[in-house]
Amino acid sequence: MSDPSVQHQQARPAVPVLHEQRLDEVLGAAPERGRGRYRPHRVGMVWRSKVFRAGAVIVALVLCGLVILALVREQTGPEGFLVGLGLAVLPVPLLMAAFRWLDRVEPGPWRNLLFSFAWGACAAALVAIIANSFATRWIATATADPASADTLGATVIAPVVEESAKAAAVLLIFLFRRREFSGVVDGVVVAGFTATGFAFTENILYLGNAFGEDQLSGSSGFASVTAGTFFVRIVMSPFAHPLFTVLTGLGFGFAAVSARRHRARRVALPLLGLLLAMGLHALWNGSSSFGPYGFYAVYGIVMVPAFGLVTWLAIWSRQRELRTLAAELPAYAAAGWLTPAEPSALSSMRARGMARDLARHWQPDRTRGRAAARAVAEYESFATSLAGLRRRARHGAVGPDFGARERELLHHLWQRREVAAPALAHAALLTARPGARHGRPLPSPYGTGNGYGYANGHGYGTGYGPGHTPGYGHPQGHPPGYAPGAYPPPQPYGSAPHSHRRPPS
């Protein structure tokens, strides 16, 4: 009589491992018995609570928001504040949508993005207003020349203070949300949301003050100060602050993918990005002092090309994430964790969107359809994280928790594969056919008996073709030893869960 536990272990796919030498460098040696004891710290245990830390951050941001609200309203007046608020909010949805679109391959959690926006709009703006005002007054008092103090404050003090305050948000997420900050795109998106929030508050102040000047002078229409300020800040250069801070985000993003042994590079890259952000910001602020056409010269010669270059780099990084999926996931497909068609589907944005639509339409009602589409989206996100993790491991950019993190991601994939794998397989077929139309009706593979399955219905790794078995890829609809809703124990390395050697053939 066979042992059920043995059958269960045989049903588990093996995890494809990296080269032995690379794994030894990444994972290191396990601590000896008695050396890895955990001693809880009695001091500061309240701070270790995630609820307390989240509450403290929220309270701090709310207080900063209330203070900045009072300061801006005091400078602009009630009417100026409302006018500035109404005009300043116009570019915010467009900028946020652009950065979110860039993050579609591996979407970051909204809590990080909302924190970044709130930090820029509240904390960074408050620091900038207080520090810039204090520095300008000090320079004016020391030099007895208010005009030069304003120029020096705008071209030297403001870029240093503002970019440092915005960079703090990127640094905090880089340090405390390291798993969710894995590459260049993450740095660009976090920096972009932070700068969008900062520009939103700053635009309220500038537009509100411009409206107040128009009320005093009686100006109106296109010749008013408000119209000119709106054209320069909202129409011509809504990307200015995001462009500055994105340079800092690029530095942190390149540091995230650098090998852990290159500590100097991991420190120098963010500092270099911050210095570039300050320099470009100073050039932009000082463009008006270069003569009557200095602003337009800097805008056309520096700002627009820089914006195009950064945009190209961000899109290239996003395409690189898709290429990473196509390069890394076939190893997991060969081991049985994914189907052969999934790597190509997951590396195509069109196929990924089509898979979510197919999963939604295959369900009998709208509620189940939304749940199925959400499961496919989560599956795609976890698969992207898995491919990125494996790529960073090849370059020595992961820590000793690589094995645990890999098993965790495989666990999440296994839980959702019953819904996601058929949808991705169908999407791969549709996108591979020339002239295939998006949304073409197909029979549901979820237990109908006429969907697409493996040609012989036994196991994984065989040719893909029309099948007539219930479910997906196996006569019972599941791989051997698989129970619906259950996942094998997360020990994909066979009988020795802490060993990272390749399992025997």
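Relevant structure appears above.
J.: Just give me the short version of the overall build of the chain, but keep the residues and values in it.
T.: Helices and strands together make up the secondary structure of the chain, namely 15 helices and 2 strands. Summarising the internal contacts of the chain: among those between residues at least 6 apart in sequence, 73% fall at separations of at least 24.

J.: Outline the packing of helix 7 (residues 184-217) against helix 11 (residues 294-335), supporting the account with residue identities and numerical values.
T.: Close contact between helix 7 and helix 11 brings their axes to 9 Å; oriented N to C, the two are set at 135 degrees. Here helix 7 lies oblique to helix 11, going by the angle between them. Handedness of the crossing formed by helix 7 with helix 11: left-handed. Residues V184, V185 and V188 of helix 7 form the contact with helix 11, whose participating residues are A314, S317, R318 and E321. A per-class count over the contact of helix 7 with helix 11 returns 4 nonpolar, 1 polar and 2 charged.

J.: Can you tell me about the pattern of salt bridges, naming the residues and giving the values?
T.: Applying the stated rule across the entire model yields 12 salt bridges. In this structure, E328 and R390 form a salt bridge, with 3.3 Å as the shortest nitrogen-oxygen distance. Here E328, found in helix 11, pairs with R390, found in helix 14 (residues 366-394); they are 62 residues apart in sequence, far enough to count as distant. Each member of the pair E328 and R390 is classed as buried. In this structure, the salt-bridge partner of R405 is E408, at a minimum N-O distance of 3.4 Å. Of this pair, R405 and E408 are both found in helix 15 (residues 402-432), 3 residues apart, which corresponds to roughly one turn of the helix. Residue classification places R405 among the buried residues on the basis of a relative accessible area of 16%. What makes E408 partly exposed here is its relative accessible area of 30%. The network of salt bridges with shared partners includes R179, R405 and E408.

J.: Break down the layout of surface pockets for me, citing the residues and quoting the values.
T.: Gaps left between atoms show up when a probe the size of a water molecule is rolled over them. Taken as a whole, the second largest pocket spans an internal volume of roughly 790 Å³. Those elements that place two or more of their residues in the lining of the second largest pocket are helix 3 (50-88), helix 5 (110-143) and helix 6 (146-176). With 8 residues, helix 3 is the largest single contributor of residues to the lining of the second largest pocket.

J.: Go over empty space enclosed by the protein, please, and point to the residues and values.
T.: On inspection of all chains with the given rule, the structure shows 2 cavities of 30 Å³ or more. In this structure, the largest cavity spans a volume of roughly 260 Å³. Taken together, 17 residues make up the lining of the largest cavity; nearest its centre are S182, G183, V257, E321 and R391. Of all the secondary structure elements, the ones that give two or more residues to the lining of the largest cavity are helix 7, helix 11 and helix 14. Grouping the constituent residues of the lining of the largest cavity by class yields 5 nonpolar, 6 polar and 6 charged. Taken as a whole, the second largest cavity spans an internal volume of roughly 60 Å³.

J.: Which residues make up the environment of R73, and what values go with them?
T.: Among the structural elements, R73 can be located in helix 3. In this structure, the C-alpha to C-alpha distance between R73 and L205, residues 132 residues apart in sequence, is 8.3 Å. Not counting residues within four places of it along the chain, the set of residues in contact with R73 comprises P78 and F81.

J.: Give a detailed account of the packing of aromatic side chains, specifying residues and quantitative values.
T.: Counted by the stated rule, this structure contains 14 aromatic pairs. Between the aromatic rings of F174 and F181, the centroid separation amounts to 5.3 Å while the plane-to-plane angle is 85 degrees, which identifies the pairing as edge-to-face. One exposure class covers both F174 and F181, and it is buried. Of the aromatic side chains, those joined through ring pairs into one cluster are F239, W284, F295, Y296, Y299 and F307. The ring of Y206 has R233 sitting right over it, with the charged end atom 4.2 Å from the ring centre. Sitting over the face of the ring of W414, R417 holds its NZ or CZ atom 4.9 Å from the ring centroid.

J.: Break down the nonpolar core for me, with residues and values.
T.: Where a protein is soluble and globular, its nonpolar side chains tend to be buried together. Core analysis: the largest hydrophobic core is formed by 63 residues, its most contacted members being F181, V188, W284 and M303. Residues contacting W284, with those up to four places away along its chain left out, are S237, A240, F244, F295, V298, Y299 and M303. Within the second largest apolar cluster, 39 residues are counted, among which are A333, A345, V376 and L413.

J.: A description of a nonpolar patch on the surface should follow, citing residues and the corresponding values.
T.: Side chains of I58, V59, V62, L63, L66 and L69 sit close together on the surface and give an oily, nonpolar patch of about 550 Å² of accessible area. For L66, the position within the fold is in helix 3.

J.: Quick rundown of the environment of A131? Include the residues and the values.
T.: As for its position among the elements, A131 is in helix 5. Look at A131 and you get partly exposed, because its relative accessible area is 25%. When the C-alpha atoms of A131 and A158 are compared, they prove to be 8.4 Å apart, with 27 residues separating the residues in sequence.

The rules behind these values
Residues numbered from 1 in each chain as written. Predicted model: local features only at pLDDT ≥ 70, side-chain atom pairs only at ≥ 80, totals over all residues. Heavy atoms only, no water. Helix = DSSP H or I, 4+ residues; strand = E, 2+ residues; numbered from the N terminus. Contact = heavy atoms within 4.5 Å. Axes fitted to C-alpha atoms, helices over the stretch in contact; angles between N-to-C directions. Parallel < 35°, antiparallel > 145°, perpendicular 65-115°, else oblique. Left-handed = near helix turned anticlockwise from the far one by under 90°. Nonpolar A, V, L, I, M, F, W, Y, C, P; charged D, E, K, R; others polar. Salt bridge = Lys/Arg side-chain N within 4 Å of Asp/Glu carboxyl O. Buried < 20%, exposed > 50% of the residue type's maximum accessible area, 1.4 Å probe, protein only. 1 Å grid on protein atoms, 1.4 Å probe; cavity = no way out; pocket = protein on both sides within 12 Å on 5 of 7 lines; lining within 4 Å. Points joined across faces, edges and corners; volume = space filled by probe spheres on them. Phe/Tyr/Trp six-rings, centres within 6.5 Å; stacked < 30°, edge-to-face > 60°. Lys NZ or Arg CZ within 6 Å of the ring centre and 35° of its normal. Core = buried A, V, L, I, M, F, W, Y, C linked by side-chain atoms within 4.5 Å. Patch = residues over 30% accessible without salt bridge, like charges linked within 9 Å, V, L, I, M, F, W, Y side chains within 5 Å. Areas by Shrake-Rupley, 256 points an atom, 1.4 Å probe, with all protein chains shown as cover.

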